[in-house]
Structure formats: structure tokens, C-alpha cells
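# Coordinates in review
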Amino acid sequence: MLDFSNSKILIVGDVMLDKYYFGKVDRISPEAPVPIVRLGGASNVANNIVSLGGHSLLCGVIGHDLFGKEIERISRHKNIDTFLLKTSSPTITKARIIGGKQQIVRVDYEDKSELNADNKKLFRDTISRILPEYDILVISD
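Residues numbered from 1 in each chain as written. Predicted model: local features only at pLDDT ≥ 70, side-chain atom pairs only at ≥ 80, totals over all residues. Heavy atoms only, no water.

This part covers the environment of D81. For D81, the location among the structural elements is in strand 5 (residues 81–87). Placed 35 residues apart in sequence, D81 and A46 show a C-alpha to C-alpha distance of 8.8 Å. Once residues within four sequence positions are removed from consideration, D81 is found in contact with H55, S56, L57 and L58. A polar atom in the side chain of D81 sits 3.4 Å from the side chain of H55. (Helix = DSSP H or I, 4+ residues; strand = E, 2+ residues; numbered from the N terminus. Contact = heavy atoms within 4.5 Å. Polar contact = N/O pair within 3.5 Å; in protein donor to acceptor, adjacent residues only side chain to side chain.)

What follows is the structure, given as C-alpha cells:
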């Protein structure tokens, strides 16, 4: 296994929440789906680095919503440091409906509008300021 214990890794990218709904399929629609949430996108990269013993800082955009709060909660629980810019756009969410062992459909919730000028500047300035403190930069889309 690779040793990430001395690595400081900056991750910049799409922060998202992956939701999975599992159910038994007797017909076309699943019965009693049970949701499971996981970190997705750049958040998953940060989670993997931390699980390998590395130090990561996850930088991205989330919404002022329940899913954004869930990303913050899971990140804290997994000791992932974050710089998450909160905007009025909803947090990117990918929902997968699983019937038995088969994915039936994935529904993406994402607002593709650009950050406003002030948020772009804040994000860019923060990344530029902290980048020299890190050994590796990962850009995740």
C-alpha cells in the first residue's frame, strides 16, 4: 500500500453527494427503497486520500441545503478538512435507484450556472494563497 502519511494534498473540484436507493424489485418499481448517502466526486477523492493516511483539504462549492450540511457532517466525521463555498445553488447530488443488484436509473441534481464574480474571486484567491502549503494538487470533475 502507498504511504500517504506525510502527503498534503489539495483537492479542488465538484463536491457532490451520492445517494443510493436500494429495494427489492418484484415489478418495474422498487418496494421500500432504503437511502444510503456517500461522498461523491471530489469529496470521494478526499475521502480516499484520508483513508490512506494522507492529509487532504477539499475545496469546492455546496449549497445552503440539507445535502450540503450532510457533506460537511460526513467530512468532519471522516477528518477531511474543507473549504466549502456556500452558494444559493443546490448541492450537486447524484441519486441512483438500485433494484436487486441492478442500477435502474441515475438522477442528477445540478445547477450548472457559474459562480458570481465575488465568489469566483474569493475561491480563486483562497486556492492561490494556500496552494504553496500542499505537495500535490488534484483537480476533480
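Read on, since the account is not over.
What follows concerns the layout of surface pockets. As a volume, the largest pocket reaches approximately 590 Å³. Forming the walls of the largest pocket are 28 residues, and the residues nearest its centre are D14, V61, I92, S113 and L115. Looking at the lining of the largest pocket, the elements that each hand over two or more residues are strand 1 (8–13), strand 4 (55–63), helix 3 (117–130) and strand 8 (136–140). Its residues assigned to classes, the lining of the largest pocket shows 10 nonpolar, 11 polar and seven charged. (1 Å grid on protein atoms, 1.4 Å probe; cavity = no way out; pocket = protein on both sides within 12 Å on 5 of 7 lines; lining within 4 Å. Points joined across faces, edges and corners; volume = space filled by probe spheres on them. Nonpolar A, V, L, I, M, F, W, Y, C, P; charged D, E, K, R; others polar.)

Quick look at the packing of aromatic side chains now. Inspection of the entire model under this criterion finds two aromatic pairs. Ring centres of Y20 and F22 lie 6.2 Å apart, and the angle between their planes is 15 degrees; on these two criteria the pair is classed as stacked. Judged by its relative accessible area of 31%, F22 is partly exposed. When the ring of F83 is compared with that of F123, the centres are 5.8 Å apart and the planes differ by 25 degrees; the resulting orientation is stacked. A residue pair is termed long-range when its members are at least 10 positions apart, and F83 in strand 5 and F123 in helix 3 qualify at 40 residues. Owing to a relative accessible area of 15%, F123 belongs among the buried residues under this scheme. Between the NZ or CZ atom of K8 and the centre of the ring of Y134, over which it lies, the distance is 4.8 Å. (Phe/Tyr/Trp six-rings, centres within 6.5 Å; stacked < 30°, edge-to-face > 60°. Buried < 20%, exposed > 50% of the residue type's maximum accessible area, 1.4 Å probe, protein only. Lys NZ or Arg CZ within 6 Å of the ring centre and 35° of its normal.)

It is worth spelling out the sheet that holds strand 8 at this point. Spatially, four strands are ordered 5-4-1-8 in an open sheet, and the strand pairing comes out parallel. Looking at the sheet topology across the chains shown, the edges are occupied by strand 5 and strand 8. Averaged over neighbouring strand pairs, the angle between their axes works out to 15 degrees when direction is ignored. Taken together, the five bridges between strand 1 and strand 4 define a ladder with parallel strand orientation. For V12, the partnering residue across the bridge sits in strand 4 and is C59. Packing of helix 2 (residues 66–77) onto the sheet brings it into contact with strand 4 and strand 5, and relative to strand 4 it is tilted by some 170 degrees. Running over the sheet, helix 3 touches strand 1, strand 4 and strand 5 and is turned about 165 degrees from strand 5. (Pairing = 2+ DSSP bridges. Axes fitted to C-alpha atoms, helices over the stretch in contact; angles between N-to-C directions.)

Before going further, it helps to examine the environment of G23. Its location among the elements puts G23 in strand 2 (residues 15–25). Here G23 falls in the buried class, since its relative accessible area comes to 14%.

Now for the pairing of strand 6 (residues 92–99). Of all the eight residues making up strand 6, seven are buried; the element is thus mostly covered by neighbouring parts of the structure. Both strand 6 and strand 7 (residues 102–109) contribute to a ladder of seven bridges, which runs antiparallel. Its bridge partner lying in strand 7, R96 is registered against R106. Between strand 6 and strand 7, which pair antiparallel and follow one another directly, the connecting turn spans two residues, one of which, G100, has a positive phi of 65 degrees.

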